[in-house]
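Structural characterization, general
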Amino acid sequence: MGEADDNDEELLDLAEHFGQVDADGDRRINFAEFSTLIENLAGDDADEKLSLEERRIGFQEIDADRDGAIDFHEFVAWWREA
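Residues numbered from 1 in each chain as written. Predicted model: local features only at pLDDT ≥ 70, side-chain atom pairs only at ≥ 80, totals over all residues. Heavy atoms only, no water.

**Description of the overall build of the protein**
Regarding its fold elements, the protein presents 4 helices and 0 strands. Moving toward the C terminus, one meets the helices and strands of the protein in the order α-α-α-α. Projected onto the principal axes, the alpha-carbon positions of the protein cover approximately 40 × 30 × 20 Å. Pairs at least 24 residues apart make up 50% of the contacts formed inside the protein by residues separated by at least 6 positions. (Helix = DSSP H or I, 4+ residues; strand = E, 2+ residues; numbered from the N terminus. Contact = heavy atoms within 4.5 Å.)

In structure tokens, the structure reads:
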């Protein structure tokens, strides 16, 4: 399998994850949906839980175009950095 195939597969996986987070199906992740994602990633580990302010800061950092939502391209860039 070539590098292009790997990238395609990764994008398909990310699209699936994005769709699961995008609860209202508007193709954008709002702050409430992002908060749910962060809480789910932390699970039951209290040390991994982020405060509301930490989640807001993280959301703003990911929302590169500052339109108040995370689009798929911003989501991919964030996921690849994480």
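**Description of helix H2 (residues 31–42)**
When the terminal C-alpha atoms of H2 are compared, their 16 Å separation across 12 residues agrees well with the 16 Å that a helix rising 1.5 Å per residue should span. Looking at H2, one finds that the buried residues are Phe31, Glu33, Phe34, Ser35, Leu37, Ile38 and Ala42. Its side-chain oxygen 3.1 Å from the backbone nitrogen of Ala32, Asn30 forms the N-cap of H2. Backbone geometry just downstream of H2 places Gly43 in the positive-phi region, at approximately 60°. (Expected span 1.5 Å × (residues − 1). Buried < 20%, exposed > 50% of the residue type's maximum accessible area, 1.4 Å probe, protein only. Polar contact = N/O pair within 3.5 Å; in protein donor to acceptor, adjacent residues only side chain to side chain.)

**Brief notes about the nonpolar core**
With 14 residues, the main nonpolar core has Ile29, Phe34, Ile70, Phe75 and Trp78 as its most contacted residues. Those elements that place two or more of their residues in this core are helix H1 (3–21), H2, helix H3 (52–62) and helix H4 (72–81). For this core, the element with the most residues is H2, which contributes 4 residues. Residues contacting Trp78, with those up to four places away along its chain left out, are Phe34, Leu37, Ile38, Leu41 and Ile62. (Core = buried A, V, L, I, M, F, W, Y, C linked by side-chain atoms within 4.5 Å.)

**Brief notes about the confidence of the model for the protein**
Of the residues in the protein, 95% have a pLDDT of 70 or more, and the chain-wide mean is 92. For the protein, H1 is the element with the lowest average pLDDT, namely 90, and H3 is the one with the highest, namely 97. (pLDDT = per-residue confidence, 0-100.)

**Here we look at a negative patch on the surface**
On the surface, Asp5, Asp6, Asp8, Glu9, Asp13 and Glu16 cluster together into a negatively charged patch. Of note, Asp8 is situated in helix H1. Given the relative accessible area of 47%, Asp8 is considered partly exposed. (Patch = residues over 30% accessible without salt bridge, like charges linked within 9 Å, V, L, I, M, F, W, Y side chains within 5 Å. Areas by Shrake-Rupley, 256 points an atom, 1.4 Å probe, with all protein chains shown as cover. Salt bridge = Lys/Arg side-chain N within 4 Å of Asp/Glu carboxyl O. Lys, Arg positive; Asp, Glu negative; His and termini not counted. Charge placed at Lys NZ, Arg CZ, Asp CG, Glu CD.)

**As for the side chain of Asp22**
For Asp22, the position within the fold is in the loop between H1 and H2. Put simply, Asp22 is tucked away with no salt bridge, and the nearest opposite charge, on Arg27, sits 6.6 Å away. Here Arg27 takes part through its backbone nitrogen, which lies 2.7 Å from a polar atom of the side chain of Asp22. Apart from residues lying up to four places away in sequence, Asp22 is in contact with Arg27, Arg28 and Glu33.

**Topic: the pattern of salt bridges**
Pairing between side chains of opposite charge can happen when the charged atoms of each approach one another. On inspection of all chains with the given rule, the structure shows 3 salt bridges. Here Glu10 and Arg80 are joined by a salt bridge, their closest N and O atoms 2.9 Å apart. Of this pair, Glu10 sits in helix H1 while Arg80 is found in helix H4, placing the two residues 70 residues apart along the sequence. For Arg80, a relative accessible area of 46% puts it in the partly exposed group. Taking the shortest distance from any N to any O, the salt bridge between Asp67 and Arg28 comes out at 3.1 Å. Placement of the pair is Asp67 in the loop between H3 and H4 and Arg28 in the loop between H1 and H2, with a sequence separation of 39 residues.

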